[in-house]
Amino acid sequence: MSAAPIASFAQRLLTWFDQHGRHDLPWQHPRSAYRVWISEVMLQQTQVKTVIPYFEKFVARFPDVTTLANAALDDVLLHWAGLGYYARARNLHRAARQMLAQHGGDLPQDFKALLQLPGIGRSTSGAILAQAHGARHAILDGNVKRVLARHAAIGEWPGHPRASLQLWEISERLLPSQRLADYTQAIMDLGASVCTRHKPACARCPVSADCQAHIAQRVAEYPALKPKRDRPLKQASALLIENAAGEILLERRPPVGIWGGLWCPPLIEENGDAATVLRERYGLQLASQQALPTLRHAFTHFELQLQPLRIRLAGAIDTVREASNQRWVKLNDTPPALPTPIAKLFQQLKTSIHQPCLEPFTA
Ligand code: SF4
């Protein structure tokens, strides 16, 4: 590609952005490094329209690095509940603490220093510096990968290291020398609203004149799909243990692993059985169990089939006391941070579990 069309790629994109781009996103007003960071992390696996209300609530509660660093992780997770990919929230919290300890409670303005923080990769770091400080850094999020893979007709799956290297090189080469914040927003907007995954609107695309996929009329072939690999199905059971006060037992998940740091009914993974777990973990005796409809939840690397079991116990349950990682909660109270499938299950239980199909537990 010669120098002239490269310059014009940015120019055309910026002209299009002035007319058609998004200028009223909440993290653009004001556009501070902190707000851009939060929005970029939320947008990593989630669409803009879903992110907006979460972003507004999050920055209202945690308006700056210091407030976020000083907050309890539980509180941060509670404000994240429903967005999924909870490692992002845990990393935000850890990164804020690191910023407070090492950078005086501000985001560093240095690319390499940003990369040292949990959850901030090359694209997020570039997006923060370009959008908050107008620095000349490229980004390569999902939308940008798609635009560039089509524009340059990259035949390999963008996740492959070879293709990724090529895409980064193109993304850097196309950068303008001015208006970096607008350009970064513009290329993300183009991917989100014109060069969409399905049915891209090439007829109104500002860079169609030299888009290789469009010229070859092979847009549907780009970006190349990830080579197929079946996601394994894992099984787990959720034990719904209710006490005499009608409260359900929740436990905080370990910090690492699925739903790390969130609250769940006790989970039994794979082949464990309820009677053994109740006896060995809690000193409780199972009287009977009732299987409720199963739930499915897709994680990046596997699918989870969750079997909720309503547990009826024989004998007293005062061996389970509240501890820092165990809590009895009423379904009608505001729950702590729950994973989405568990929140849905609680919603269903609210309408069913208190109907008299289970007799009260023996106290
Ligand atoms: Fe995407 Fe079509 Fe524009 Fe090419 S011409 S960048 S395929 S919208």
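If you're wondering where the values come from, they're calculated on a predicted model, not measured in any experiment.

This part is about the overall build of the protein. For the protein, the count of helices and strands is 14 helices and eight strands. In terms of principal-axis extent, the alpha carbons of the protein reach across some 80 × 45 × 30 Å. With 363 residues in all, the protein has 47% of them scored as buried. Working note: accessible area of the protein is about 18,000 Å², and carbon and sulfur atoms make up 51% of it. Positive and negative side-chain charges of the protein, numbering 41 and 30 respectively, have mean locations separated by a distance of 5 Å.

Our focus in this paragraph is the site of the ligand. Around the ligand, a shell composed of Arg150, Val194, Cys195, Cys202, Cys205, Ser208, Cys211, His214 and Val219 is seen. Classifying every residue of the shell around the ligand gives six nonpolar, two polar and one charged.

Across the protein, pLDDT averages 89, with 92% of residues at or above 70. Across the protein, the element-wise mean pLDDT spans from 83 in helix H1 (residues 3-20) up to 98 in helix H4 (residues 65-70). Note that residues 356-363 has pLDDT below 50 and, in this model, 16 contacts with residues that lie over four places away or in other chains.

With that out of the way, let us pick up helix H10 (residues 161-173). An ideal rise of 1.5 Å per residue puts 18 Å on 13 residues; H10 measures up with 18 Å between its terminal C-alpha atoms. All buried positions along H10 are accounted for by Ala163, Leu167, Trp168, Ile170 and Ser171. End-on view of H10: buried residues confined to an arc of 165 degrees, all on one side of the axis. Facing away from the buried surface of H10 by more than 90 degrees, the exposed residues are Pro161, Arg162 and Leu165.

On to the domain arrangement of the protein, then. Segmentation of the protein into domains returns domain 1 (9-221) and domain 2 (233-352). Placing the centre of domain 1 and that of domain 2 at their C-alpha centroids yields a distance of 36 Å. Listed as interface residues are eight residues of domain 1 and, on the opposing side, 16 residues of domain 2. Carbon and sulfur atoms supply 50% of the area that domain 1 and domain 2 bury against each other, a total of about 810 Å² over both sides. Contact with domain 2 buries area across many residues of domain 1, yet Asp74, Tyr86 and Arg90 alone supply 56% of it, more than any other trio. Of the charged contacts, one joins Asp74 and Arg327 as a salt bridge, the two residues approaching to 3.6 Å between their closest N and O atoms. Among the elements that make up the side of domain 1 that touches domain 2, the one with the highest residue count is helix H5 (residues 73-80) (three residues). Taken together, the residues of the side of domain 1 that touches domain 2 break down into five nonpolar, one polar and two charged.

Now for the side chain of Asp189. By secondary structure assignment, the location of Asp189 is in helix H11 (residues 180-193). By relative accessible area, which is 1% here, Asp189 ends up buried. The contact partners of Asp189, leaving out residues within four places of it in the chain, are Trp16, Phe17, Gly21, Arg22 and Val194.

A few words now on the side chain of Arg35. Structurally, the position occupied by Arg35 is in helix H2 (residues 33-43). Of the side chains with opposite charge, Glu56 comes closest to the buried, unpaired Arg35, at an N-O distance of 7.1 Å. Contacts of Arg35, omitting those with residues within four sequence positions, involve Pro26, Trp27, His29, Pro30, Phe55 and Val59.

Our focus in this paragraph is the sheet that holds strand S2 (residues 248-252). Strand pairs in the sheet, formed through backbone hydrogen bonds, run parallel or antiparallel to each other. Read from one edge to the other, the open sheet built from three strands follows the order S3-S2-S8, with strand pairing classed as antiparallel. Because the sheet does not close on itself, it has two edges, and the strands there are strand S3 (263-264) and strand S8 (326-329). Sheet topology places S2 next to S3; two bridges connect them, and they run antiparallel. Across the sheet, residue Arg252 finds its bridge partner in S3, namely Trp263.

To continue, consider the nonpolar core. By size, the foremost hydrophobic cluster in this structure holds 60 residues, and its most contacted members are Tyr34, Trp37, Phe58, Leu68 and Trp259. A total of seven residues in this core trace back to one element, the largest contributor, which is H2. Here this core spans two domains, and each of domain 1 (9-221) and domain 2 (233-352) adds at least three residues to it. Residues in contact with Leu68, not counting those within four places in the same chain, are Tyr34, Trp37, Ile38, Phe58, Phe62, Val76, Leu92, His93 and Ala96. Judged by nonpolar contacts, the second largest core, of 33 residues, contains Phe17, Leu148, Ala186 and Met188.

What counts, and where the lines are drawn
Within each chain, residues carry numbers counting from 1 in the order of the written sequence. Local features in a predicted model are, by the rule used here, given only for residues with pLDDT of at least 70; side-chain atom pairs are given and counted only at 80 or more, and totals for whole chains, interfaces and linings are based on all residues. Excluded from the side-chain calculations are hydrogens and water; all other atoms, namely the structure's heavy atoms, are used. The helix count covers DSSP runs of H or I at least four residues long, the strand count covers runs of E at least two residues long, and both are numbered beginning at the N terminus. Accessible area is worked out with a 1.4 Å probe on protein chains only. A residue is then buried under 20% of its type maximum, exposed over 50%, and partly exposed in between. Every accessible area reported is derived by Shrake-Rupley at a probe size of 1.4 Å, with residue values counting cover from the shown protein chains alone. Just so you know, the count uses Lys and Arg for positive and Asp and Glu for negative, and it drops His and the chain ends. The atoms used to mark charge sites are NZ of Lys, CZ of Arg, CG of Asp and CD of Glu. Each residue is tested against the molecule or strand, and it is near if at least one of its non-hydrogen atoms lies within 4 Å. The classification used treats Ala, Val, Leu, Ile, Met, Phe, Trp, Tyr, Cys and Pro as nonpolar, Asp, Glu, Lys and Arg as charged, and all other residues, Gly among them, as polar. Residue-level confidence of the predictor is what pLDDT reports, using numbers from 0 through 100. The contact criterion used is simple: two residues touch if any of their non-hydrogen atoms lie within 4.5 Å. Expected helix span is given by 1.5 Å per residue-to-residue step, counting one fewer step than there are residues. By arc we mean the arc of the directions from the helix axis to the C-beta atoms, nothing more. Residue ranges labeled as domains rest on an automatic or database domain assignment. Once two parts are put together, the accessible area they lose, assessed with a 1.4 Å probe and summed over both, is termed the buried area. A side-chain nitrogen of Lys or Arg and a carboxyl oxygen of Asp or Glu constitute a salt bridge if their distance falls within 4 Å. By the convention used here, strands pair only if DSSP detects at least 2 bridges between them. As used in this record, nonpolar core signifies buried Ala, Val, Leu, Ile, Met, Phe, Trp, Tyr and Cys residues forming a set joined through side-chain atoms within 4.5 Å.

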